[in-house]
Amino acid sequence: MLRLILRRFTKALLWFAGGSVLLVLIFRVVPPPGTALMVERKVESWFDGEPIDLQRTWKPWDEISDDLKVAVIAGEDQKFSEHWGFDFGAIQAAFAHNERGGTIRGASTLSQQVSKNLFLWSGRSWLRKGLEAWFTGLIEVLWPKQRILEVYLNSVEWDDGVFGAEAAARHHFGVSAKGLSRQQSSLLAAVLPNPRVWSASHPTNYVARRAGWIRQQMSQLGGDSYLVGLNDSRRAPWAQ
């Protein structure tokens, strides 16, 4: 009986591994039709009895403002071009901070956020973290950095039911994702830690200050030039 259970469990793991690799390969070239987080928000609205209209329009790389691309990197993951999905320095700093108490600090890279939003559910269980690490590794190996950022910008939540750069730009500023200014981009990036509470179009003093800091970081990163050669910016893991 034990041998049968182990055989079936191993078979299930192999099917899962193969299926997830295939799915990630498909999404390398095909725009994901939606995300697990969008499904989660829809289900939540059913249970809450408050209907939600999900807004999302996929836009390819060239139809998204370069300022927004650099802004989210400056605000969320400044080592995005260098790492292979995990910023271990940030993880250690977050552990040290959280052990001291107070507010909980996260250390998720953009790649980890793509994995969680696209494939998984919210929460802090070890199972979800393990699956997040698996999918993060897959997209880092199978997707170029530009694709990871493109999917992130088309999937991230910017208000209740507002997903992706195009919907966010229309919702907050009445412009297209391509037409976002540097200041608008920095405001959108500034609310990402808590997009359902903070507003890019009606920023609090804290959000406005954070947006200003993000603009400074954008300049230090090199502005639009940071995006040049993004896909070729990493060294092999064994060369780190």
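Residues numbered from 1 in each chain as written. Predicted model: local features only at pLDDT ≥ 70, side-chain atom pairs only at ≥ 80, totals over all residues. Heavy atoms only, no water.

1. Considering the overall build of the chain
Along its length, the chain carries 10 helices and two strands. Considering the chain as a whole, with its 240 residues, one finds that 41% of them fall into the buried category. Considering only residue pairs separated by 6 or more positions, the chain has 71% of its internal contacts joining residues 24 or more positions apart. Split by element, the accessible area of the chain, about 13,100 Å² in all, is 58% carbon and sulfur. (Helix = DSSP H or I, 4+ residues; strand = E, 2+ residues; numbered from the N terminus. Buried < 20%, exposed > 50% of the residue type's maximum accessible area, 1.4 Å probe, protein only. Contact = heavy atoms within 4.5 Å. Areas by Shrake-Rupley, 256 points an atom, 1.4 Å probe, with all protein chains shown as cover.)

2. A look at the packing of aromatic side chains
According to the stated counting rule, one finds four aromatic pairs in the structure shown. Here the aromatic residues Phe16, Phe27, Phe119 and Phe135 are joined through ring pairs into a cluster of three or more. For lysine 69, the ring lying beneath its charged end belongs to tryptophan 61, and the centroid distance is 3.7 Å. The ring of phenylalanine 80 carries the charged tip of lysine 145 above its face, separated from the ring centre by 4.4 Å. (Phe/Tyr/Trp six-rings, centres within 6.5 Å; stacked < 30°, edge-to-face > 60°. Lys NZ or Arg CZ within 6 Å of the ring centre and 35° of its normal.)

3. Section: the pattern of salt bridges
Applying the stated criterion across every chain yields a total of 12 salt bridges. Among the ionic pairs, glutamate 76 bridges to arginine 210, the shortest N-O distance being 3.7 Å. One end of the pair, glutamate 76, is in helix α3 (residues 66–76); the other, arginine 210, is in helix α10 (residues 205–221), and 134 residues separate them in sequence. The exposure class of glutamate 76 is partly exposed, given its relative accessible area of 21%. Since its relative accessible area comes to 16%, arginine 210 is described here as buried. The salt bridge involving arginine 128 is made with glutamate 132; its shortest N-O contact spans 2.7 Å. Of the two residues, arginine 128 and glutamate 132 both sit in helix α6 (residues 126–142), four residues apart, roughly one turn of that helix. Accessibility expressed as a relative area gives 3% for arginine 128, which makes it buried. When salt bridges that share partners are traced, they join Arg41, Glu44, Glu157, Asp160 and Arg196 into one network. (Salt bridge = Lys/Arg side-chain N within 4 Å of Asp/Glu carboxyl O.)

4. Here we look at the UniProt feature "transmembrane region" (unreviewed entry) in the chain
Annotation from UniProt places "transmembrane region" (unreviewed entry) at residues 12–30. The distance separating the terminal C-alpha atoms of residues 12–30 is 26 Å; by composition the span is 95% helix and 0% strand. (UniProt positions renumbered as here; feature names shortened; annotations may be inferred.)

5. What to know about the confidence of the model for the chain
If pLDDT is low for a region, its predicted coordinates should not be looked at in detail. Chain-level pLDDT for the chain is 90 on average; 89% of the residues reach the 70-or-more range. Of all the helices and strands in the chain, helix α4 (residues 88–99) carries the lowest mean pLDDT, 61, while helix α9 (residues 182–190) carries the highest, 98. (pLDDT = per-residue confidence, 0-100.)

6. Thoughts on helix α7 (residues 145–155)
With respect to burial, α7 is a largely interior element, 10 of its 11 residues being buried. Within α7, burial applies to Lys145, Arg147, Ile148, Leu149, Glu150, Val151, Tyr152, Leu153, Asn154 and Ser155.

7. Re the packing of helix α5 (residues 110–119) against α6
Where α5 contacts α6, the axes come no closer than 8 Å and their chain directions differ by 115 degrees. By the criterion of interaxial angle, the relationship of α5 to α6 is roughly perpendicular. When you trace α5 past α6, the crossing you get is right-handed. Residues Ser111, Gln112, Val114, Ser115, Lys116 and Phe119 of α5 form the contact with α6, whose participating residues are Arg128, Glu132, Phe135, Thr136, Ile139 and Glu140. In terms of residue class, the contact of α5 with α6 is made up of four nonpolar, four polar and four charged. (Axes fitted to C-alpha atoms, helices over the stretch in contact; angles between N-to-C directions. Parallel < 35°, antiparallel > 145°, perpendicular 65-115°, else oblique. Left-handed = near helix turned anticlockwise from the far one by under 90°. Nonpolar A, V, L, I, M, F, W, Y, C, P; charged D, E, K, R; others polar.)

8. Some points on the environment of arginine 28
Tracing the backbone through its elements, the reader meets arginine 28 in helix α1 (residues 2–29). Apart from the residues within four sequence positions on either side, arginine 28 is in contact with Leu142, Trp143, Pro144 and Arg147. Separated by 2.3 Å, the side chain of arginine 28 and the backbone oxygen of leucine 142 make a polar contact. (Polar contact = N/O pair within 3.5 Å; in protein donor to acceptor, adjacent residues only side chain to side chain.)

9. A look at the side chain of asparagine 117
As for its position among the elements, asparagine 117 is in helix α5. According to the relative accessible area criterion, asparagine 117 is buried, its value standing at 10%. Excluding its chain neighbours within four sequence positions, the residues that come into contact with asparagine 117 are Thr35, Ala36, Leu37 and Val156.

10. Some words on the packing of α3 against α9
Running from N to C, α3 and α9 cross one another at 35 degrees; their axes reach a closest spacing of 8 Å. Between α3 and α9 lies a crossing of right-handed hand. The segment α3 lies against α9, with Asp67, Leu68, Ala71 and Val72 engaging Arg182, Ser185, Ser186, Leu188 and Ala189. Along the lines of polarity and charge, the residues of the contact of α3 with α9 split into five nonpolar, two polar and two charged.

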